[in-house]
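# Examining the three-dimensional arrangement
Residues per chain, in single letters:
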Amino acid sequence: MNLFAQRPLAYIFLSISLLVASNTYCSLPTIHHPGKPYTQDDEINEIYMLLTYSILYKTWQGSDSSKKVIGNNIGALLVNPTKDKILGFGRNAHSSTNNTTQHAESRLIQSYISKSECGDLTGCIIYASLEPCAMCSGMMTVSKVKETIYGETDPVCGKTLERLSLNSSELPDGYLPYPDVTISHASDCIIRKELDETQKESGIFIYKFLMNDKAKEIYERAYNLFINYNVNYEGNKAIYDNAKDFLEQELERYNSIHK
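Throughout what follows, the structure given in this document is the object of discussion. Small disclaimer: the values here were computed from a predicted structure and weren't measured. (Residues numbered from 1 in each chain as written. Predicted model: local features only at pLDDT ≥ 70, side-chain atom pairs only at ≥ 80, totals over all residues. Heavy atoms only, no water.)

## Notes on the overall build of the protein
Quick reminder of the rule: Here a helix means four or more residues in a row that DSSP labels H or I, a strand means two or more in a row labelled E, and each is numbered from the N terminus. Using a 1.4 Å probe on the protein chains alone, a residue whose accessible area is under 20% of its type maximum counts as buried, one over 50% counts as exposed, and one in between counts as partly exposed. Here, residues are in contact when the closest pair of their heavy atoms is within 4.5 Å. Computed with the Shrake-Rupley method and a 1.4 Å probe, the accessible areas treat only the protein chains shown as cover for residues.
What the protein contains, in helices and strands, is 11 helices and 5 strands. Expressed as a percentage of the 259 residues in the protein, the buried residues total 42%. Counted over contacts in the protein with a minimum sequence separation of 6, partners at least 24 positions apart contribute 61%. By element, 55% of the accessible surface of the protein is carried by carbon and sulfur atoms, the whole surface being about 14,400 Å².

## Observations regarding the packing of aromatic side chains
Applied cut-off: Whether two aromatic rings pair depends on their centres lying within 6.5 Å, for rings of Phe, Tyr and Trp, where Trp uses its six-membered ring; planes under 30 degrees apart make the pair stacked, over 60 edge-to-face, and the rest tilted.
The final tally for this structure, using the stated rule, is 8 aromatic pairs. An angle of 35° between the planes, with centres 6.4 Å apart, marks the rings of tyrosine 38 and tyrosine 233 as tilted. One end of the pair, tyrosine 38, is in the loop between α2 (8-26) and α3 (40-58); the other, tyrosine 233, is in the loop between α10 (213-227) and α11 (237-257), with 195 residues separating them in the sequence. On the basis of relative accessibility, which here comes to 18%, the residue tyrosine 38 falls in the buried class. Taking relative accessible area as the criterion, tyrosine 233 reaches 29% and is therefore assigned partly exposed. Geometrically, the ring pair formed by phenylalanine 205 and tyrosine 207 is edge-to-face, given 5.2 Å between the ring centres and 75° between the ring planes. Look at tyrosine 207 and you get partly exposed, because its relative accessible area is 24%. One aromatic cluster is present, formed by Tyr53, Trp60 and Tyr219 through successive ring pairs.

## Quick look at the packing of helix α8 (residues 190-202) against α10
Let me state the cut-off plainly: Convention adopted: a line fitted to C-alpha atoms gives each axis, helices being fitted over their contacting stretch, and angles between N-to-C directions are expressed from 0 to 180 degrees. Angles are sorted into four bins: roughly parallel if under 35 degrees, roughly antiparallel if over 145, roughly perpendicular if 65 to 115, and oblique for all others. Ten residues, namely Ala, Val, Leu, Ile, Met, Phe, Trp, Tyr, Cys and Pro, are considered nonpolar, four, namely Asp, Glu, Lys and Arg, are considered charged, and the remaining ones, Gly among them, are considered polar.
Closest axis-to-axis distance for the α8/α10 pair is 10 Å, and the angle between their directions is 170°. With respect to α10, the element α8 is oriented roughly antiparallel. For the pair formed by α8 and α10, the contact residues are Ile191, Glu194, Leu195, Thr198 and Ser202 on the first element and Lys214, Ile218, Tyr219, Arg221, Ala222 and Leu225 on the second. Along the lines of polarity and charge, the residues of the contact of α8 with α10 split into 6 nonpolar, 2 polar and 3 charged.

As structure tokens, this is what we get:
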């Protein structure tokens, strides 16, 4: 007689417990605020940050010299002020354009404003895979982007938006902060923390790091988290479903252009 036949109730209870534990693990948020509640807005930010990583992973630019490289694996997602609609995605294309100014955020902003003829991006939010540089920070400020949330810290060229908000007017020849600076802060997603730690440990320059296999492995984990995501707040289900649809649409668009 097998063990299940001897103790059927015990095995049924164990199976149920394992199933509950599995579902609980899968629904754990990848954002953690010590001592603070995990809010509905936290989950929205998490979904969009994971989407940004996922698009880059599925269109990864490797070091294979036989394949045409568009640019570094850096992307940006534009979302409307109420966070319920994705307006567009842009990626770094400095290699294919032979133009060092073709950063993800700058391409995204110019493309959307040109197509929509909206004039500016008042109140909009950008989810950037890498902390914005000086050029993109200036463009965000001028176009009135409300906020940018970035998925990896730039240890060399970061904190530009924070510098624009500094008040040095009390110093000799000092300046007031630039008016209406875009709010900038790091994502609380565990993927961002893993990228920061791994890049620091590697000692590899940030842009080269984003082209190697260590970074790709972390981006793959982000993609798996995204496609297996369990929404904690019912009100965010439509946002997540739209994000999944956008991923498929963006991949179709990308593949049609870069066959």
